[in-house]
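These are the residues of each chain, in order.
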Amino acid sequence: ERRRIIFLRSRGEGKRERARMASLALLKWTTRSVSRHARALVGAGARAAELRAVNVGLEKTQRRFASTDLLKTVLYDFHVGKGAKMVPFAGYAMPIQYQDSIMDSTTYCREQGSIFDVSHMLGITLTGKDAVPFIESLVVSDIGALEDGTGCLSILMNPQGGAIDDTVITKIDGERVYFVVNAGNREKDLKHINAHLSEWKASGKDVSLTTHEDRALLAVQGPEAANTLQKLVDIDLSKMYFSHFTVSPIKGIESFITRTGYTGEDGFEISIPNDGALEIIEALLASGPLKLAGLGARDSLRLEAGLCLYGNDLDDTLSPIEAGLTWTISKSRREACNFVGGDVIKQQLADGVGIRRVGLICKGAPARGGSKILNLEGEEIGHVTSGGFSPCLKKNIAMGYVKKGNQKSGTELKVEVRKRVSDAVVTKMPFVPAKYHRP
């Protein structure tokens, strides 16, 4: 990796690569340090010691990367003014937590509600009479079959059958498609999409791509999310169900509103012009019991919800079937599999796969990414990709990949954490039941 950086620097790209490595270093440090210190102390009830340990580690990280060139969302100054601890993530300076501990922030979102700034992610709109067929050539889902103004989770595929990214794709209407890609994947995703887009345009197809760099993105999540947002819009949110999309003004500011999220709670993702972001986030805070929350709580919430974190639980070497996401492959597309990587997926659907993503409830120390998963005979059969202490369940949870035959719920296994072996059991996900607003 060091040799790679030297090579990139010689081509003028070292700065971008160092920012990427800083983000990766932060994630690795956060999971190890919080697990080793704060979360271990939670079990003993030492909440004050937990908070001190987290704060000391975050301050060290902030000093270490103070000179790193990081991008800032339009709400950066707002976060700093609210006491957020800002850290590098996917090339951006992002809030990992505010005044509350990550533990308390996680439970508060499930009990009341939270607002997350996720403006580092990139919104994209495809337009034209061939917009729907074009996106269908790249992903596994039947977007054309969606009703206008609805969406679904889908996977952007590579030729090897691996996942380039996971994203919620909304069919606005027959000629417009909207989706949001992960921040760490934006350059990779755009390169892949634009390469295919050029081919389509060269053949006379009608499809164009717009990136929404001029828009912020807020995730409003939790039981009070709908009640709070309802005070600021004229539409009836009770009739807007999970995965539905609309364009509606919020305090007179035109907004893209999608009823979705990354927590397992009911909620919305709101795309708004940058110049209206501050007004809207302040209005949301003033209109209900919602609190600001950062990346730390967001990661705990998505793990409890059994949702993949790209780069940990899903990457370009793993297929949707191996990741337990076969349900994203529309049944209407499984025969032809006429999308990038479809030949691989069709073969896997017929023959099965050798590994599967599973959920685990673990004893002992929290199992983190890279921890070995063993069978009862001590044979290594897989590894953990995400894990930690669940603030809501008050127990250690994890997800990871195991060899075929070990994925059935209730299967007793072992996890090895820092050379200590503890009991684990395969558990159905989500760990915390989803509370999506459905008809």
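Residues numbered from 1 in each chain as written. Predicted model: local features only at pLDDT ≥ 70, side-chain atom pairs only at ≥ 80, totals over all residues. Heavy atoms only, no water.

### Structural notes on the side chain of Asp130
Looking at the secondary structure, you find Asp130 in the loop between strand 5 (122-127) and helix 6 (131-136). Only 2.7 Å separates the side chain of Asp130 from the backbone nitrogen of Asp206, close enough to count as a polar contact. (Helix = DSSP H or I, 4+ residues; strand = E, 2+ residues; numbered from the N terminus. Polar contact = N/O pair within 3.5 Å; in protein donor to acceptor, adjacent residues only side chain to side chain.)

### Description of the sheet that holds strand 4 (residues 114-117)
Here we have six strands laid out as an open sheet, ordered 11-12-13-10-4-14, and mixed in their pairing. Edge positions in the sheet fall to strand 11 (245-250) and strand 14 (291-292), since each has one partner strand and no second. Here strand 12 (residues 253-258) runs beside strand 13 (residues 267-273); their pairing, made up of three bridges, is antiparallel. From the neighbouring strand, Phe256 faces strand 13, where its bridge partner is Ser271. (Pairing = 2+ DSSP bridges.)

### Some remarks on the pairing of strand 7 (residues 163-173)
Within strand 7, ten of the eleven residues are buried, leaving the element largely enclosed by the surrounding structure. The pairing of strand 6 (residues 150-157) with strand 7 spans eight bridges and is antiparallel. Note that in strand 7 the partner of Thr150 across the bridge is Lys171. Adjacent in sequence and paired antiparallel, strand 6 and strand 7 are bridged by five residues, among which Gly161 carries a positive phi angle near 85 degrees. In the sheet, strand 7 pairs with strand 8 (residues 176-181) via four bridges, with the strands oriented antiparallel. Among the inter-strand pairings, Thr170 is bridged to a residue of strand 8, identified as Tyr178. The hairpin formed by strand 7 and strand 8 contains two residues between the paired strands. (Buried < 20%, exposed > 50% of the residue type's maximum accessible area, 1.4 Å probe, protein only.)

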